[in-house]
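Per-entry structural report
Take a look at the letters that make up each chain.
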Amino acid sequence: MRLRITPFMSLFFCGMAFGQMKDSIAVDEKLAEVVVTGTRTQRKLSTLPLPMTVITSEAILKTGVTRLNEILNEQTGVILIPDESGFEGIQMQGLDAAYTMILIDGVPLVGRTSGVLDLSRVSVGNIDRIEIVKGASSALYGSEAMGGVINVITKRPKNDGVDGSLSYRYGTFNTNDINGNVLWKKKKLAANLFANFYSTDGFDLDKSTWVQNIEKFHNTTIQPKIYYDFSENLKLTVSNRFFYQMIDNKAVIDSERHTGDATENEWNSQAKLDHKWNSKIYSEYELYATNYRNDSFLKNENNVLFEKAFYNQWLLRPEIRTTFSINKDKLTAGLGINHETLDRTYFSENVTFNSQYVFVQYDYNPSEKLNILAGFRYDNHSAYASQLSPKLAANYKITDDFSLKASVGYGYKAPDFRQLYFDFMNPQVGYTVLGYNIAEDRLNELEAQGQIALRTSGVNFSVPLKAESAINFNFGTFYKKNKFKLDINAFYNSISNLIDTRVVALKSNGQNVFSYTNISEIFTYGLEYNSTYTFNKKIAVSLGYQYLIAKDKSVVDDFDNHKFVRPPGSGTIEISKSDYFGLFNRSKHTVNIKLAYSFPEIKTDINLRVFYRSKYGIFDSNGNSVLDKYDRFVDGYAQANLSISKYITDKLMLQGGANNLLDYTNPGQINNLAGRQFFARIQYNF
Amino acid sequence: MNTKFLKLTLLALVLFTASCSNDDNETVVAETETVSNLEAPSTASGYTKFSFSKNAVVTTDDWDIAFRGTTILVNGGVKGSDATEPARTGQGAVSIVSDIFANVTTVPANETFKQDTATLYAIPTGGGNGWYTYNVVGLHIIAPIAGKVFVVKTHDGKYAKFEVLSYYKDAPAEPNYMTSVAGYYKFNFAYQANSNTTF
């Protein structure tokens, strides 16, 4: 693999040596960074009373990464880790991936087959910036935004004429990434076409097995957009996104090899009209439709079909928002409808959700120094109880450089389709999982068929399954002076009615029937720290750190149920409450150090990022069903990513580097961490 | 020379102490035995019956506990609706104690003992209710709960205690639901052959 990369590296260094020596591009101080995700209005980042991170397109370009999960993984407080379902997703403030909403240009991605969205399906090639809001954001976004919102904002044509970029990147594991983005504008009409093709052979940490950690796959993304300005006050945007992916499907079942395909098809379409009534009133009319579908099959060695599965989800969402400017203040109100359907294997029927919602937000500036953001959202839903999600936040500017911010908010996550309608029997083990809403009927059916030996006493399904809900507090500071920028945020989340599985009956085959229930309460708290120091035009160093504690309240309140442990190979011992470590998959400490070094005279940037994650547990290994200090942990580890970018001319850039430079892997415990991956890229901007 | 003498003295001392303790106390401390790979049928083909006094699988009516899948029966009470269950011919019962196995030295109060009924077993079934936990997302592993000790009144009114150590063949330290073979019990037990209520 190293030999294969050598020609690229030498090409790169030649480029470096013969590059023209032009004046350095001045590092622009961004005077007033404007964001939209925290308030759904154009808003200055520095006075926003919410914890927020912005990743710019320049920052993304310099890292040399190509997929959304990779760039998010480099941010403080955003941790990519498989959750208990085994799928990789984002953990923010200690909350699992199911609780973070992912938006592209303000509208949500769907397709959470197992509760987690696969973020590698989003290419970063046309991203203008990524906005990350941490903490409960249901007051604006409703369900799923209980832990936060990540909004991917794509580039749009700004100036008349044609511009854009073409790039090709090759990396270890025969990974190819081809990008083309063309932006065109002529007075009132503008258009943008983005296309990306990505393919890889995948990777394999354990060569002794036939299956790989990630099998070979390829995907294609096409995003055409049209913009038309009817007038200064009425502007139309129509954007579309098509995504297709095919991955080799392989499995060993009863020591027999099975092969097949797994495909994903996604389609998003958004039409939006921006309407400025006058200088005081501004409206946005938005219609969004999306479909996510996956299909997979497996055949055995004799070409006999073993399994066929599909998942087909639709979302249709019209929404209207209006903002009234009243003196220095802004009142925003919105209303919308969600119409959602899902048809999938293991569902006895095609299910539909309907909901209607309104939200109101008041952005109030009583003085030069104080900003208050207050709002709520009300969701009325066809399948679960209505939700009222309030939020209150304040920013106090102590000096021009230093401000304090605090927020409190309510967040919720509705029970998902699976938790309500799943109807699944595991063919290998023989257990059954039933969604809450169909469990009673299906249990009666199974009982009539003689398949049930015993119903668990005290279980009934008469009260609807409740939404999971959270109260979130943030308290932070924002400091920016000359070369130094500092952000500190302390957070606390208390989550109740967490949905978990429980046994509802014993089958006559000795296995269990599971269903879902509101069972536990968890809490998470911690501190996030971000600082950047720009020494001069050449060197900038940033440090990010998160301290996190995440625990189950019932374990803390009643530790007696968990006080005995039997470490493998030894007898039972008694432990104390202080030995309780907390929830699975949570590291107490995560650190990142980023070093950017520029050689303006040769137009070269070096970007080194080092990441550390302290130990975490993935399962209970000693029989008390919680994680304690006697359990086996995944060791803490460090990882480094390096990229070197070099402009040959103003328009032509060469880039090379390595992800996971130190080649750290842990095949037995971390199956999503590939070894060192070299890459080389050529990009032409026009 | 010196070391030899020392060794002999120590040996004599040990022997003396050992014989002393036997003479002092009439209670026989029940030995802890370990049973490995006791195969429990997984389907409706019946139960594997076990006798503590014989430390063996039996097919007769003098069994104390019986296994099928994750279900454990006791030889006392009423037979349930399942036709393959053995009839309860003994006076068995179970009391569930949360403690370290070795620390359970006395038999709990009479009223804590339960027998199987037609609808509820003395050792409740289901993850988190009886002797094991099971999570449907994640590992799919039947994991014995540490510190669950079952004090059993045997079919003939003696006492034994047992704790389950593993549900998988050869008791792997970290069972895997794809590769480990389920339905093979490993457990510790101590049987008090006298009619004593201590172990």
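Here the residue numbers are simple positions, counted from 1 along each chain's written sequence. The naming scheme follows written order: chains are lettered A onward, ligands numbered 1 onward. For this predicted model, a pLDDT threshold of at least 70 governs which residues receive local features, and a threshold of 80 or more governs which side-chain atom pairs are given and counted, while totals over whole chains, interfaces and linings are taken from all residues. Remark: hydrogens and water are excluded; side-chain values derive from all non-hydrogen atoms of the structure.

With an unreviewed UniProt entry as reference, chain B is termed HmuY protein, source organism Flavobacterium seoulense.

1. Some remarks on the overall build of chain B
Looking only at helices and strands, one finds one helix and 11 strands in chain B. A run of H or I in DSSP counts as a helix once it spans at least four residues, and a run of E counts as a strand once it spans at least two, with each numbered from the N terminus. Starting at the N terminus and walking to the C terminus, you meet the elements of chain B as α-β-β-β-β-β-β-β-β-β-β-β. Across the 199 residues of chain B, 44% fall into the buried class. Contact between two residues is taken to exist if any of their heavy atoms lie within 4.5 Å; hydrogens are not considered. The long-range share in chain B, meaning contacts at least 24 apart out of those at least 6 apart in sequence, stands at 57%. Residue exposure ignores everything except the shown protein chains as possible cover, and the areas themselves are Shrake-Rupley values with a 1.4 Å probe. In the form shown here, chain B has an accessible surface area of approximately 9,900 Å², with 55% of it arising from carbon and sulfur atoms. Relative accessible area decides the class of each residue, using a 1.4 Å probe on protein chains only: under 20% of the type maximum gives buried, over 50% gives exposed, and in between gives partly exposed.

2. What about the pairing of strand E10 (residues 161–171) of chain A?
Residues and elements named next belong to chain A. The pairing of E10 with strand E11 (residues 175–186) spans 11 bridges and is classified as antiparallel. Of the residues in E11, the one forming a bridge with Ser 165 is Asn 181. Where E10 folds back onto E11 in an antiparallel hairpin, the turn is made up of three residues, including Phe 173, whose phi is positive at roughly 65°. Strand pairing is defined by DSSP finding a minimum of two bridges between the two strands. Note that E10 and strand E38 (residues 677–685) share seven bridges and pair antiparallel.

3. Observations concerning the sheet that holds strand E11 (residues 182–192) of chain B
Residue and element names in this part refer to chain B. The antiparallel open sheet is built from five strands, whose spatial order is E1-E11-E10-E9-E6. Edge strands, defined here as strands with exactly one partner in the open sheet, are strand E1 (32–39) and strand E6 (93–98). Within this sheet the neighbouring strands show an average axis-to-axis angle of 30°, counted without direction. As paired elements, strand E10 (residues 159–168) and E11 share eight bridges and run antiparallel to each other. Residue pairing for E11: Lys 161 is matched across the bridge by Ala 190. Note on geometry: axes are C-alpha line fits, over the in-contact stretch for helices, and angles between N-to-C directions span 0 to 180 degrees.

4. A look at the confidence of the model for chain B
All names here are of chain B. pLDDT expresses how confident the predictor is about each individual residue, on a scale running from 0 to 100. Chain-level statistics for chain B give a pLDDT mean of 84 and a share of 83% at 70 or above. Mean pLDDT per element in chain B: helix H1 (residues 2–24) is the minimum at 48, and strand E2 (residues 48–51) is the maximum at 96. In the model, residues 13–25 has pLDDT below 50 throughout and makes zero contacts with residues more than four positions away in sequence or in other chains.

5. Observations concerning the pattern of salt bridges
Here a salt bridge means any side-chain nitrogen of Lys or Arg lying within 4 Å of a carboxyl oxygen belonging to Asp or Glu. By the definition in use, this model includes 39 salt bridges over all chains. For A:Glu440, the salt bridge goes to A:Arg455, with nearest N and O atoms at 3.1 Å. Placement of A:Glu440 in helix H6 (residues 436–448) and of A:Arg455 in strand E25 (residues 452–455) is noted, with a sequence separation of 15 residues between them. Given a relative accessible area of 29%, A:Glu440 falls into the partly exposed group. Measuring nitrogen to oxygen at the nearest pair gives 3.0 Å for the salt bridge that ties B:Glu85 to B:Arg88. Assessed through its relative accessible area of 3%, B:Glu85 is described here as buried. Classification of B:Arg88 by relative accessible area gives buried; the value is 11%.

6. A short note on the sheet that holds strand E9 (residues 148–154) of chain A
Residue and element names in this part refer to chain A. Strand order across the open sheet formed by five strands is E3-E8-E9-E6-E7, with mixed pairing between neighbours. Two strands in the sheet have a free side with no partner beyond their single neighbour: strand E3 (52–56) and strand E7 (107–108). As paired strands, strand E6 (residues 100–104) and E7 are joined by two bridges and run antiparallel to one another. If you follow Leu 103 over to E7, its bridge partner there is Pro 108.

7. A short note on the side chain of A:Asn151
All names here are of chain A. Checked against the element boundaries, Asn 151 lands in strand E9. Among the polar contacts listed, one links the side chain of Asn 151 to the side chain of Thr 37, at a separation of 3.1 Å. Not counting residues within four places of it along the chain, the set of residues in contact with Asn 151 comprises Val 36, Thr 37, Leu 103, Ile 104, Asp 105, Gly 106, Arg 129, Ile 130 and Glu 131. Here a polar contact means two N or O atoms within 3.5 Å. Within protein one must be a hydrogen donor candidate and the other an acceptor candidate, and residues neighboring in sequence count only if both atoms are side-chain atoms.

8. Remarks on empty space enclosed by the protein
Residues and elements named next belong to chain A. Cavities and pockets were defined on a 1 Å grid built from protein atoms only: a cavity is a group of points that admits a 1.4 Å probe but offers it no way out, a pocket is an open group of points flanked by protein on both sides within 12 Å along at least five of seven lines, and a lining residue is one with an atom within 4 Å of any such point. Grid points are joined across faces, edges and corners, and a volume is the space filled by probe spheres set on the points. Scanning the entire structure with this criterion turns up six cavities of 30 Å³ or more. Here the largest cavity defines a volume of roughly 560 Å³. Taken together, 35 residues form the lining of the largest cavity, with Ser 143, Glu 144, Gln 313, Glu 340 and Phe 353 sitting closest to its centre. At the level of secondary structure, the elements contributing two or more residues to the lining of the largest cavity comprise strand E17 (305–326), strand E18 (329–344), strand E19 (351–364), strand E20 (370–381), strand E22 (402–413) and helix H5 (417–421).

9. A closer look at the interface of chain A and chain B
Contacts between chain A and chain B engage 27 residues on the former and 31 residues on the latter. Buried area: the sum, over both parts, of the accessible surface (1.4 Å probe) that disappears when the two are put together. Summing both sides of the interface, chain A and chain B together bury roughly 2,500 Å²; the carbon and sulfur share of this comes to 56%. When residues of chain A are sorted by the area they lose upon contact with chain B, A:Leu454, A:Phe564 and A:Arg566 head the list and together hold 23% of the total. Counting across the interface, chain A meets chain B through two salt bridges. The closest approach of N and O atoms between B:Glu163 and A:Arg566, which form a salt bridge, is 3.0 Å. Across the contact surface, chain A and chain B share five residue pairs in polar contact (both at pLDDT 80 or more). Among the elements of the structure, E25, strand E27 (484–507), strand E28 (512–534), strand E30 (564–565) and strand E31 (573–574) of chain A are those that each provide at least two residues to the side of chain A that touches chain B. Looking at the side of chain A that touches chain B element by element, the count peaks at three residues for E27(A). Each residue receives one of three labels: charged for Asp, Glu, Lys and Arg, nonpolar for Ala, Val, Leu, Ile, Met, Phe, Trp, Tyr, Cys and Pro, and polar for the others, Gly being one of them. Looking at the side of chain A that touches chain B residue by residue, the class counts come to 13 nonpolar, 10 polar and four charged.

10. Digging into the side chain of A:Arg681
Residue and element names in this part refer to chain A. Inspection of the secondary structure assignment puts Arg 681 in strand E38. Despite being buried, Arg 681 has no salt bridge partner; Asp 177 is the closest side chain of opposite charge, sitting 5.4 Å away. A polar side-chain atom of Arg 681 sits 3.4 Å from the main-chain carbonyl oxygen of Leu 61. Those residues in contact with Arg 681 that sit more than four places away from it in its chain are Leu 61, Gly 64, Ser 167, Tyr 168, Arg 169, Met 653, Leu 654 and Gln 655. Asp and Glu are treated as the negative residues and Lys and Arg as the positive ones, with His and the ends of the chain left uncounted.

11. Regarding H6(A)
Residue and element names in this part refer to chain A. Multiplying 1.5 Å by the residue count of a helix minus one yields the expected span of that helix. Here H6 is 13 residues long and its end C-alpha atoms lie 19 Å apart, about the 18 Å a rise of 1.5 Å per residue gives. The largest bend along H6 reaches roughly 25° and is located at Arg 442. For H6, the full list of buried residues reads Tyr 436, Ile 438, Ala 439, Arg 442, Leu 443 and Leu 446. Once H6 ends, the next one or two residues include Gly 450, with phi positive near 75°. The bend reported for a residue corresponds to the angle between axes fitted to the seven residues ending at that residue and the seven starting there.

12. Description of the packing of aromatic side chains
Residues and elements named next belong to chain A. Two rings from Phe, Tyr or Trp (for Trp, the six-membered ring) form a pair when their centres are within 6.5 Å of each other. A pair whose planes differ by under 30 degrees is stacked, one over 60 is edge-to-face, and the rest are tilted. Evaluation of the coordinates by the stated rule reveals 44 aromatic pairs over all chains. Note on Phe 353 and Phe 417: the rings are 4.2 Å apart at their centroids and 20° apart in plane angle, and the pair reads as stacked. Of this pair, Phe 353 sits in strand E19 while Phe 417 sits in helix H5; the two residues are 64 residues apart in sequence, bridging distant segments of the chain. Just as Phe 353 is buried, Phe 417 falls in that class too. An angle of 50° between the planes, with centres 6.2 Å apart, marks the rings of Phe 484 and Tyr 533 as tilted.

13. Examining the pairing of E2(B)
Residues and elements named next belong to chain B. The alternating pattern of E2 places Thr 48 and Phe 50 and Lys 49 and Ser 51 on opposite faces, both of which are buried. When E2 meets strand E3 (residues 56–58), the two strands line up antiparallel, connected through three bridges. Paired with Ser 51 across the two strands is Ala 56, which belongs to E3. Between E2 and E3, which pair antiparallel in sequence order, lie four residues; one of them, Asn 55, sits at a positive phi of approximately 50°.

14. Notes on the environment of A:Asn312
Residues and elements named next belong to chain A. Within the secondary structure, Asn 312 sits in strand E17. Those residues in contact with Asn 312 that sit more than four places away from it in its chain are Asn 291, Tyr 292, Arg 293, Thr 341, Leu 342 and Asp 343. Reaching out from Asn 312, the side chain makes a polar contact with the side chain of Asn 291 at a distance of 2.8 Å.

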